[in-house]
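Here is what each chain is made of, one letter per residue.
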Amino acid sequence: MAAETSAKQTLLDRIHDRTAVVGVIGLGYVGLPLAMEFAKAGFHVIGYDVSERVVSRLMSGESHIQDVPSAEVARFVRSGAFEATTDESRLHEADGISIAVPTPLSKTRDPDMSYVISATEAASRQAHSGMVIVLESTTYPGTTREILVPLLEKRGFTVGEDVFVAFSPERVDPGNPVYVTKNTPKVVGGITAACTEVATALYGSCIEQIVSVSSAEAAELTKLLENTFRSVNIGLVNEMAIVCDKLGVDVWEVIDAAATKPFGFMKFTPGPGIGGHCIPLDPHYLAWKMRTLNYKTRFIDLASEINSQMPAYVVEKVAHALNDERKAVNGSTILVLGVAYKRDIDDLRESPALDVIRLLEEQGATVTFHDPHVPCIREDGHVRERVELTDERLASADAIVIVTDHRAVDYQRVMDNATLIVDTRNATHALVRTKARVVSLATVRPTPEAIEA
Ligand SMILES: NC(=O)c1ccc[n+]([C@@H]2O[C@H](COP(=O)([O-])OP(=O)(O)OC[C@H]3O[C@@H](n4cnc5c(N)ncnc54)[C@H](O)[C@@H]3O)[C@@H](O)[C@H]2O)c1
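Residues numbered from 1 in each chain as written. Predicted model: local features only at pLDDT ≥ 70, side-chain atom pairs only at ≥ 80, totals over all residues. Heavy atoms only, no water.

Colleague: Outline the environment of T86, supporting the account with residue identities and numerical values.
Modeller: Locating T86 in the fold gives a position in the loop between β3 (82-85) and β4 (96-99). Judged by relative accessible area, which is 31%, T86 ranks as partly exposed. In this structure, the C-alpha to C-alpha distance between T86 and V50, residues 36 residues apart in sequence, is 5.4 Å. In this view, T86 contacts Y48, D49, V50, S51, E52 and V55; residues no more than four positions away in its chain are not counted. (Helix = DSSP H or I, 4+ residues; strand = E, 2+ residues; numbered from the N terminus. Buried < 20%, exposed > 50% of the residue type's maximum accessible area, 1.4 Å probe, protein only. Contact = heavy atoms within 4.5 Å.)

Following this line, the structure appears as structure tokens:
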């Protein structure tokens, strides 16, 4: 008890007077913005990453994350408030460590915990009495207790007494101009009450609202509920798009009308599929965990099935639209507009555009792409450069497929020049109609008579 009181109190005091040093393991989409928040709050921050490239770019004052301005990184590097390193031993100087490393799925769609394990091993090798370690990576319920705690105990620590361990899911929404790390409420759940208290104090020093929950498992499951909720609702509206297509009803009109209900409805929009490091992957962490308990998570599986079929549905739409013009996909020139997984960001991870391009090419199309945020696509050793969006290119393409509706694109210009547009995001609905034929996710195909006419 005395050890807990002294280690905990010393740590709380150091957090309070900002003499605590904060370590962040993994300086990507999640870790770098978090490191910046800690630096802004007055802590000395040591960012540890295994990538030499990431570290040297950051130390030269250059940010590789769109939401973090280079000027901010440069300012904190210059002032000494932030330093990035590949030297694991520097973590020993930290009083608080946040782990924000990837949690991908293996080829068989099981959790790949290798990054979390190696980051935790690094943290526990450098741990000392009076340190708090918080896992941020999205994962299955039980990870913090089953992976972090034993690794620390193996090194002789007693969690909740001399070291403190918690889970706090990152909720970063890349490209969101309103909600950033600082003003997005943060859920924190510790292994013990003392762990929750210490982690809450650490995050509360730089984030406006902390939501403490009773356990690490509750915090882990909170994140999975949030992302499963999105996946299931996106699956529902994607199915609604297919339903509307078959019924000859405009899905966007139906969704907008439903969204006028002031209670009990939350607007989600259909699209070409889901992407990013979260929604397509995270629910599978829960599904996997539940399989180990002999329970099948049916909502997760069904949403995943519908969402993952959307790129093929889009390609089917393109094929029908070309067919209506007496053209085949094979031999057509198709320009994919927008390849990032969502609007106004540069992230290609799990982007449905990659599937759309692959499926079109498998059917013999010549595919190019334009994306104001993505200069090139690197896949399996191949680099595909974006093309410029010229009037000639728009006019000569057999079809333009709008996969991501970035705001930086002039869609009226696309309408003015194109002949056929497959618009999976409803980006063109409010534009002045031109000779371009626009096919939406849910458009009734013209009857043979209409085509003849
Ligand atoms: N990107 C998002 O929008 C988002 C949102 C919420 C939660 N998350 C979750 O946060 C976690 C991190 O995701 P991300 O998008 O920041 O990943 P990322 O790929 O952008 O960054 C991860 C960084 O960790 C580094 N790294 C990998 N292994 C390491 C190790 N053993 N030691 C030190 N550094 C290591 C990598 O070099 C990379 O720079 C994931 O679990 C993800 O599911 C991501």
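So much for the structure itself; the text now carries on.
Colleague: Please give an account of the nonpolar core that cites residues and values.
Modeller: For soluble globular proteins, nonpolar side chains are generally found buried alongside one another. Membership of the largest hydrophobic core comes to 82 residues, with the highest contact counts inside it found for I25, F38, V45, F82, I97 and I99. In this structure, I234, I274, V314 and V422 belong to the second largest nonpolar core, which totals 43 residues. (Core = buried A, V, L, I, M, F, W, Y, C linked by side-chain atoms within 4.5 Å.)

Colleague: Requested: an account of the sheet that holds strand β14 (residues 420-423), with residues and values cited.
Modeller: In space, the five strands of this open sheet follow the order β10-β9-β13-β14-β15, with parallel pairing throughout. On the outer flanks of this sheet lie β10 (366-370) and β15 (437-440), each paired with one strand and no other. When strand polarity is set aside, the average angle formed by the axes of neighbouring strands in this sheet is 20°. Pairing analysis gives four bridges linking β14 to β15, with the strands arranged parallel. Looking across to β15, one finds that I421 is bridged to V438. (Pairing = 2+ DSSP bridges. Axes fitted to C-alpha atoms, helices over the stretch in contact; angles between N-to-C directions.)

Colleague: Lay out the sheet that holds strand β1 (residues 21-25) in plain terms, naming residues and giving numbers.
Modeller: Across the sheet, eight strands lie side by side as β3-β2-β1-β4-β5-β6-β7-β8; this open sheet has mixed pairing. Only two strands of the sheet have a single partner each, and these edge strands are β3 and β8 (210-213). Ignoring which end each strand starts from, the neighbouring axes of this sheet average 25° apart. Sheet topology note: the β1/β4 ladder contains four bridges and is parallel. By the bridge assignment for β4, V22 is matched with G96. Running at roughly 160° to strand β6 (residues 163-167), helix α6 (residues 143-154) makes contact with β5 (131-135) and β6 of the sheet.

Colleague: Give me empty space enclosed by the protein: which residues, what numbers.
Modeller: Counted by the stated rule, this structure contains two cavities of 30 Å³ or more. What the largest cavity holds in volume is close to 40 Å³. Lining the largest cavity we find P169, E170, R171, T181, T184, P185, K186 and I207. Its residues placed into classes, the lining of the largest cavity shows three nonpolar, two polar and three charged. Of the pockets and cavities examined, the second largest cavity occupies roughly 30 Å³. Looking at the second largest cavity, the residues that line it are Y29, I65, Q66, D67, P174, I345 and D346. Counted by class, the lining of the second largest cavity contains four nonpolar, one polar and two charged residues. (1 Å grid on protein atoms, 1.4 Å probe; cavity = no way out; pocket = protein on both sides within 12 Å on 5 of 7 lines; lining within 4 Å. Points joined across faces, edges and corners; volume = space filled by probe spheres on them. Nonpolar A, V, L, I, M, F, W, Y, C, P; charged D, E, K, R; others polar.)

Colleague: I'd like a rundown of the packing of aromatic side chains, residues and numbers included.
Modeller: Taken as a whole and assessed by the stated rule, the structure comprises four aromatic pairs. Both rings, one in Y140 and one in W288, keep their centres 4.9 Å apart while their planes meet at 50°; by these two values the pair is tilted. Placement of the pair is Y140 in the loop between β5 and α6 and W288 in helix α10 (residues 282-292), with a sequence separation of 148 residues. On the basis of relative accessibility, which here comes to 7%, the residue Y140 falls in the buried class. (Phe/Tyr/Trp six-rings, centres within 6.5 Å; stacked < 30°, edge-to-face > 60°.)

Colleague: How would you explain the pairing of strand β9 (residues 333-337) if you had to name every residue and give the values?
Modeller: Of all five residues in β9, four are buried, a share of seventy percent or more. Here five bridges tie β9 to β10, and the two strands are oriented parallel to one another. Along β10, the bridge assignment pairs V336 with F369. Regarding topology, helix α12 (residues 352-362) serves as the crossover connection from β9 to the parallel β10, and that connection is right-handed. (Right-handed = clockwise from strand over helix to strand, strands pointing away.)

Colleague: I'd like a rundown of the site of the ligand, residues and numbers included.
Modeller: V30, D49, T103, S118 and T138 are the nearest of the 26 residues found near the ligand. In the model, an oxygen atom of the ligand is placed 2.9 Å from a nitrogen or oxygen of the V30 main chain. In the environment of the ligand, an oxygen atom lies 3.1 Å from a nitrogen or oxygen atom belonging to the side chain of R349. Contact with the protein chains covers 90% of the free accessible surface of the ligand, which is 840 Å². Among the elements that make up the shell around the ligand, the one with the highest residue count is helix α5 (residues 114-125) (three residues). Looking at side-chain class alone, the shell around the ligand contains 14 nonpolar, eight polar and four charged residues. (Near = heavy atom within 4 Å. Polar contact = N/O pair within 3.5 Å; in protein donor to acceptor, adjacent residues only side chain to side chain. Areas by Shrake-Rupley, 256 points an atom, 1.4 Å probe, with all protein chains shown as cover.)

Colleague: How would you sum up the pairing of strand β12 (residues 382-385)? Please name residues and give values.
Modeller: Where strand β11 (residues 376-379) meets β12, four bridges bridge the pair, whose relative direction is antiparallel. The partner of I377 across the bridge, within β12, is R384.

Colleague: How would you summarise helix α9 (residues 251-258) if you had to cite specific residues and measurements?
Modeller: Those residues of α9 that fall on the buried side of the exposure criterion are V251, W252 and I255. The arc that holds every buried residue of α9, seen down its axis, measures 95°, which confines them to one face. At its buried positions, α9 is contacted by α8 (216-247) and β15. The backbone nitrogen of W252 has a side-chain oxygen 3.0 Å away, supplied by the residue at the start of α9, namely D250. (Arc of directions from axis to C-beta.)

Colleague: Give a detailed account of unusual backbone geometry, specifying residues and quantitative values.
Modeller: Note: most residues except glycine have negative phi, and most peptide bonds are trans. Backbone geometry places R18, a non-glycine residue, at a positive phi of 65°. Within the element layout of this structure, R18 appears in the loop between α1 (2-16) and β1. Look at R18 and you get partly exposed, because its relative accessible area is 28%. In this model, R326 sits at a positive phi of 60°, which is unusual for a non-glycine residue.

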